[in-house]
Amino acid sequence: MTEYSGQQLSQALQEAQLTGWHAAQDGLRTRFSTGDFMSGLELVQRIAAVAEDAEHHPDLLLTYPHVDVRLISHDVEAVTDRDLQLAQHRGCLGQLPLA
């Protein structure tokens, strides 16, 4: 499992074409604009289903009118391939508009 940080993480984000995601000190972060609370809840449920299948669980914050997502591999306290793969997953994250 590859751990990413610094320039290596920035390059991995660019190569994965993860626009809207940014490297923070505590993981990968993005914000999805949902427009209303129930749409945000539906997004959280979709993310949860994909995360459960992947056995890799993001930190989620549901507020009106957006959902904040933080990805980090808690077992190693670093961004890894698992985080990049979850961020790329089209079923829950990849096709939604960002705030």
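Residues numbered from 1 in each chain as written. Predicted model: local features only at pLDDT ≥ 70, side-chain atom pairs only at ≥ 80, totals over all residues. Heavy atoms only, no water.

Q: Kindly report on the overall build of the chain, identifying the contributing residues and their values.
A: Assigned secondary structure in the chain consists of three helices and six strands. Across the 99 residues of the chain, 37% fall into the buried class. Counting only contacts in the chain whose residues sit at least 6 apart along the sequence, the fraction spanning at least 24 positions is 61%. Here the chain has roughly 5800 Å² of accessible surface; of this, 47% comes from carbon and sulfur atoms. (Helix = DSSP H or I, 4+ residues; strand = E, 2+ residues; numbered from the N terminus. Buried < 20%, exposed > 50% of the residue type's maximum accessible area, 1.4 Å probe, protein only. Contact = heavy atoms within 4.5 Å. Areas by Shrake-Rupley, 256 points an atom, 1.4 Å probe, with all protein chains shown as cover.)

Q: Please give an account of the sheet that holds strand β5 (residues 66-71) that cites residues and values.
A: In spatial order, the strands read β2-β3-β5-β4; together these four strands make up an open sheet with antiparallel pairing. Only two strands of the sheet have a single neighbouring strand rather than two, namely β2 (22-24) and β4 (59-63). Each neighbouring strand pair of the sheet contributes to a mean axis angle of 25°, computed without reference to strand direction. As defined by bridge partners, strand β3 (residues 27-33) adjoins β5 across six bridges and the pair is classed as antiparallel. Counted as the bridge partner of S33 is H66 from β5. Each of β3, β4 and β5 is contacted by helix α2 (residues 37-54), which is oriented at about 165° to β4, the strand it contacts most. (Pairing = 2+ DSSP bridges. Axes fitted to C-alpha atoms, helices over the stretch in contact; angles between N-to-C directions.)

Q: Requested: an account of α2, with residues and values cited.
A: An α-helical turn contains 3.6 residues, so a residue and the one three or four places further along point in the same direction. Relative to the 26 Å expected for 18 residues at 1.5 Å per residue, α2 spans 26 Å between its end C-alpha atoms, a close match to the ideal helical length. Those residues of α2 not exposed but buried are G40, L43, V44, I47, V50 and A51. Summarising the axial view, the buried residues of α2 lie within an arc of 130°, below the 170-degree limit, and thus occupy one face. Those residues of α2 that are exposed and aimed more than 90 degrees away from the buried face are Q45, E52 and D53. Structurally, the start of α2 carries an N-cap: the backbone nitrogen of M38 is 3.2 Å from a side-chain oxygen of D36. Note on α2: the residue one or two positions beyond its end, E55, has a positive phi of about 55°. (Expected span 1.5 Å × (residues − 1). Arc of directions from axis to C-beta. Polar contact = N/O pair within 3.5 Å; in protein donor to acceptor, adjacent residues only side chain to side chain.)

Q: Residue-level account of the environment of D83, with values.
A: In this fold, D83 is placed in helix α3 (residues 81-88). D83 gets classed as buried once you look at its relative accessible area, which sits at 0%. For the pair D83 and L71, spaced twelve residues apart in sequence, the C-alpha to C-alpha distance is 5.6 Å. Setting aside anything within four residues of it in sequence, one finds D83 in contact with L28, H56, L71, I72, S73 and A78.

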